[in-house]
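# Tertiary structure, described
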Amino acid sequence: MEEINSVSQVNMYIKNMFLREYVLRNISVMGEVSNCKYHSSGHIYFTIKDKSSQLPCVMFASSRSGLQFKLEEGQSIIVSGSIGVYERDGRYQLYARKITKEGSGRLYEEYEKMKKRLLAEGLFDDSRKKPVPKYAAKIGVVTAETGAVIQDICNVSHRRNPYVQIYLYPAKVQGDGAAQTVIEGIRYFEKTDVDTIIIGRGGGSIEDLWAFNEEALVRSVAECTKPIISAVGHETDTTLTDFAADLRAPTPSAAAELAVYSYREVEVGLREAAYTLRHQMNNTLQLCRMRLNHYRTVIQHSSPEDMIRQKRLYLADSMSCLERLMKQKLTSARHQLELYAEEMKGLSPLYKLSGGYAYVADEDGNNIKTTEQITKGQKLILTLRDGNADVTVNDVHTKSEGA
């Protein structure tokens, strides 16, 4: 027999299919803004479309911190996030985590193309990467001469190990010619006795960080004979030099943490490993609990007990409906019966007798209907409401005589 599923079961199954699809969990889509609505809750509901199709989107209030502009009708944007199913309405939509304008989107597209090409060449292979020395004594830094980057690196380095020497090669980190000055800094330190090279700058937009995506600089980083730590932007920023470098740090301060050894590193590492293990165990247990609850829900929906419960509810609804229909039918029948009773009442001889009329018959029981059937001195029987009476006719008068 063919299995019959409820709407909720179908929507839940489709939602789980979307969740298992890795591509749909991290996807970027370019389109034109349409039907944009800023809800009082802080959520943004909108649609992105192209010439032949459209896709509903929502950005929750918790994700709006990274939105640097106001969405308006007709804007060309790139939306990054995940696609999932909204079970209640049974439709899929794009849950936006990041929104950029199309100009940035073109750079991102160029970034992705170059990344795939260099990845295919093997430029980012782990086999090309060199280990960063654990006990570095000299560190070369290629970054802007002024700014927080070099100060952060020096502060962290001195705090972890005041005997490590930091050498700065001042370079442009944004705008025309920036990539070339960073390349020159790498080549300069490659000829010296520094143990590790750090290249970096602060965070910014993809346009601000574009110098670190230029192919010449990426190749110089990959080909350098000394280990390079890339510390470009913030933790969420990723450039091609990050992939080409021997080690990627989320921030310049983190790069100094990685490059400069501390005697407390083992102790801190053990504590962090314990925390990471507990965190991963908790996540694993939470995931198992979620799966268990899901399977329990599926089993409950498919169990005989639940089916019997549903049938009982259906039977109770059917009984209520049947009782209501029977009452309606009885009420209609009673009303019809009352009408028939009234009609029968008008035809009943007893009803007419109760109104003062009498049934007249001769001694043989023949009904007397006209004066022509009566003779003077004839004995008649009158049937009244409460009994009979024997009478004798004294005289007979017709209507013409009475007139």
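To be clear, the structure that these remarks concern was listed above.
Residues numbered from 1 in each chain as written. Predicted model: local features only at pLDDT ≥ 70, side-chain atom pairs only at ≥ 80, totals over all residues. Heavy atoms only, no water.

### Focus on the packing of aromatic side chains
In total, this model carries six aromatic pairs according to the counting rule given. One cation-aromatic arrangement involves K70 over Y38; the distance from NZ or CZ to the ring centre is 4.0 Å. (Phe/Tyr/Trp six-rings, centres within 6.5 Å; stacked < 30°, edge-to-face > 60°. Lys NZ or Arg CZ within 6 Å of the ring centre and 35° of its normal.)

### Brief notes about the layout of surface pockets
Reported here for the second largest pocket is a volume of approximately 1000 Å³. Along the wall of the second largest pocket there are 23 residues; nearest its centre are Q9, M12, N16, H294 and V298. Looking at the lining of the second largest pocket, its residues break down into nine nonpolar, eight polar and six charged. (1 Å grid on protein atoms, 1.4 Å probe; cavity = no way out; pocket = protein on both sides within 12 Å on 5 of 7 lines; lining within 4 Å. Points joined across faces, edges and corners; volume = space filled by probe spheres on them. Nonpolar A, V, L, I, M, F, W, Y, C, P; charged D, E, K, R; others polar.)

### Some details on the pattern of salt bridges
It is possible for side chains bearing opposite charge to pair when their charged atoms get close. Within this structure, the stated rule accounts for eight salt bridges. Two residues, E215 and R219, come together in a salt bridge whose shortest N-O distance is 3.0 Å. Of this pair, E215 and R219 both sit in helix α6 (residues 215–223), four residues apart, roughly one helical turn. E215 sits in the partly exposed class, given a relative accessible area of 26%. In this structure R219 comes out as partly exposed when scored by relative accessible area, which is 23%. Residues joined by salt bridges that share partners form a network here, namely R117, E121, E215 and R219. (Salt bridge = Lys/Arg side-chain N within 4 Å of Asp/Glu carboxyl O. Helix = DSSP H or I, 4+ residues; strand = E, 2+ residues; numbered from the N terminus. Buried < 20%, exposed > 50% of the residue type's maximum accessible area, 1.4 Å probe, protein only.)

### Structural notes on empty space enclosed by the protein
Counted under the stated rule, the structure contains one cavity of 30 Å³ or more. Here the largest cavity is characterised by a volume of approximately 40 Å³. L123, D125, R128, K129, A222, A244 and D246 are the residues that line the largest cavity. Of the residues in the lining of the largest cavity, the class split is three nonpolar, no polar and four charged.

Read these as spatial facts, not as claims about activity.
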